[in-house]
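# Tertiary structure, described
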Amino acid sequence: MEENTILEKMISNPFIFEEIDKKYLSDVELMIKVFSIEPSLVLRYSSKELFENDSFVEKVLSTNLKDNCVKNLIIKLCRNKIKNNKELSLLAIKENWKYLEYAIDELKDDENFILTEITQNSNILDYTSERLKNDRNFILKAMEIDVLTFHSASEELQNDKEIIYKFIDDIDWADEITDYYFGNSIVAIERENAFSYITNKEIVKEVVKKHPLSILFASAEMKVDKDIVKILAELEYWENIQ
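Anyway, here's the lowdown on the structure attached to this text. (Residues numbered from 1 in each chain as written. Predicted model: local features only at pLDDT ≥ 70, side-chain atom pairs only at ≥ 80, totals over all residues. Heavy atoms only, no water.)

Here we take up the overall build of the protein. In terms of regular secondary structure, the protein is built from 18 helices and 0 strands. The buried share of the protein, taken over its 242 residues, is 46%. Look at the contacts in the protein between residues 6 or more apart in sequence, and 46% of them connect residues 24 or more apart. (Helix = DSSP H or I, 4+ residues; strand = E, 2+ residues; numbered from the N terminus. Buried < 20%, exposed > 50% of the residue type's maximum accessible area, 1.4 Å probe, protein only. Contact = heavy atoms within 4.5 Å.)

See below:
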């Protein structure tokens, strides 16, 4: 059966892929054409060898589709190839920042590259190397670009005084609490939720002294801590926040 015949018949009869010579299921050019027309058929019928083929993976990443759900599934199947190829990794990240998860380790540990990509989404730091997540200078630089990268810092750095104050010191707690409860600001929700990550009691005490309303977003443990409750009582805030 000729390639054009397969392409003509596959829409009305997708089961044609069960009838044709198996060599077609490994044919990069044919399956990319199928992919651009009906990607689910590639997912169902293509040879597993295709997902390890550089040319096929590159063409998948470069093809624009309306159905990104199926495309995402196919890219996931190609992740082993992407992980071992820098150029494919770059193409994947260009498609979607979340594909840094599948990228070559070199890119996950490339400080300059990650700082550039933060503009796509601050959550990209979730997929960076542990070394960068624990690099104080890198996290401070990242927070200069997007303060919400605080979320992806290591637990140790999330309890670093300078980093915490960089994260919350410019907050107008009264305004952002309004935004939080009325859903007006995703940044407010993200930022205040992050305050609950802080486990260093001394730092929480300092923040509460300076910004009493911040207690609303502290962890459950910090909200009932006797020393913190005492601070709020002295500031005459305790009755207001219960």
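Having put the structure on the table, let's press on.
Once that is clear, we can look at the packing of aromatic side chains. Under the definition given, this model contains 4 aromatic pairs. Judged by centre distance (6.3 Å) and plane angle (40°), the ring pair of Trp-97 and Tyr-127 falls under tilted. Remark: Tyr-127 occurs in the loop between helix H9 (111–117) and helix H10 (130–133) and Trp-97 occurs in the loop between helix H7 (86–95) and helix H8 (105–108); sequence separation between them is 30 residues. With a centroid separation of 5.7 Å and an interplanar angle of 20°, the aromatic rings of Tyr-99 and Tyr-102 are classed as stacked. Tyr-99 gets classed as buried once you look at its relative accessible area, which sits at 6%. When the ring centre of Tyr-24 is taken as origin, the NZ or CZ atom of Lys-23, which lies over that ring, is 5.4 Å away. (Phe/Tyr/Trp six-rings, centres within 6.5 Å; stacked < 30°, edge-to-face > 60°. Lys NZ or Arg CZ within 6 Å of the ring centre and 35° of its normal.)

This part covers helix H12 (residues 161–168). For H12, the full list of buried residues reads Ile-163, Ile-164, Tyr-165, Phe-167 and Ile-168. At the N-terminal end of H12, a side-chain oxygen is found 3.0 Å from the backbone nitrogen of Glu-162, two or three residues along, and the residue is Asp-160. (Polar contact = N/O pair within 3.5 Å; in protein donor to acceptor, adjacent residues only side chain to side chain.)

This brings us to a nonpolar patch on the surface. A surface patch of nonpolar side chains, amounting to about 230 Å² of accessible area, comprises Leu-43, Leu-73 and Leu-77. Positionally, Leu-73 belongs in helix H5 (residues 68–77). (Patch = residues over 30% accessible without salt bridge, like charges linked within 9 Å, V, L, I, M, F, W, Y side chains within 5 Å. Areas by Shrake-Rupley, 256 points an atom, 1.4 Å probe, with all protein chains shown as cover. Salt bridge = Lys/Arg side-chain N within 4 Å of Asp/Glu carboxyl O.)

Across all of its chains, the model carries 17 salt bridges by this definition. Linking Lys-81 and Asp-54 is a salt bridge whose minimum nitrogen-to-oxygen distance equals 3.2 Å. Of this pair, Lys-81 sits in helix H6 (residues 79–83) while Asp-54 is found in helix H4 (residues 54–62), placing the two residues 27 residues apart along the sequence. Relative accessible area serves as the criterion here: at 36%, Asp-54 is assigned to the partly exposed category. Ionic pairing is found between Lys-83 and Asp-105, a salt bridge with its closest N-O pair at 3.3 Å. With Lys-83 in helix H6 and Asp-105 in helix H8, this pair connects stretches of sequence that are 22 residues apart. By relative accessible area, Lys-83 is classed as partly exposed at 34%. Because the salt bridges share partners, they merge into one network encompassing Asp-109, Arg-131 and Asp-135.

This brings us to the side chain of Lys-71. Relative to the helices and strands, Lys-71 is located in helix H5. A polar contact is formed between the side chain of Lys-71 and the backbone oxygen of Val-60, at a distance of 3.5 Å.

Ranked by size, the top nonpolar core spans 41 residues in total, and within it Ile-114, Leu-125, Ile-139 and Phe-195 carry the most contacts. Every element with two or more residues in this core is listed here: H9, helix H11 (136–145), H12, helix H15 (201–210) and helix H17 (226–234). If sequence neighbours within four positions are ignored, Ile-139 has contacts with Leu-125, Leu-132, Lys-133, Thr-149, Ala-153, Leu-157 and Ile-163. (Core = buried A, V, L, I, M, F, W, Y, C linked by side-chain atoms within 4.5 Å.)

For Ile-124, the location among the structural elements is in the loop between H9 and H10. Between the alpha carbons of Ile-124 and Tyr-99 there is a distance of 9.1 Å; along the sequence they are 25 residues apart. Those residues in contact with Ile-124, other than ones at most four positions away along the chain, are Trp-97, Leu-100, Glu-117 and Ile-118.

What follows covers H7. Where H7 is concerned, the buried positions are Leu-88, Ser-89, Ala-92 and Ile-93. Each buried residue of H7 lies within a common arc of 135° when the element is viewed along its axis, so the set occupies one face. Exposed side of H7, more than 90 degrees from the buried face: Glu-87 and Lys-94 are the residues found there. Elements that come into contact with the buried residues of H7 comprise H4, H6, H8 and H9. The opening residue of H7 is Asn-85, an N-cap whose side-chain oxygen sits 3.0 Å from the backbone nitrogen of Glu-87. (Arc of directions from axis to C-beta.)

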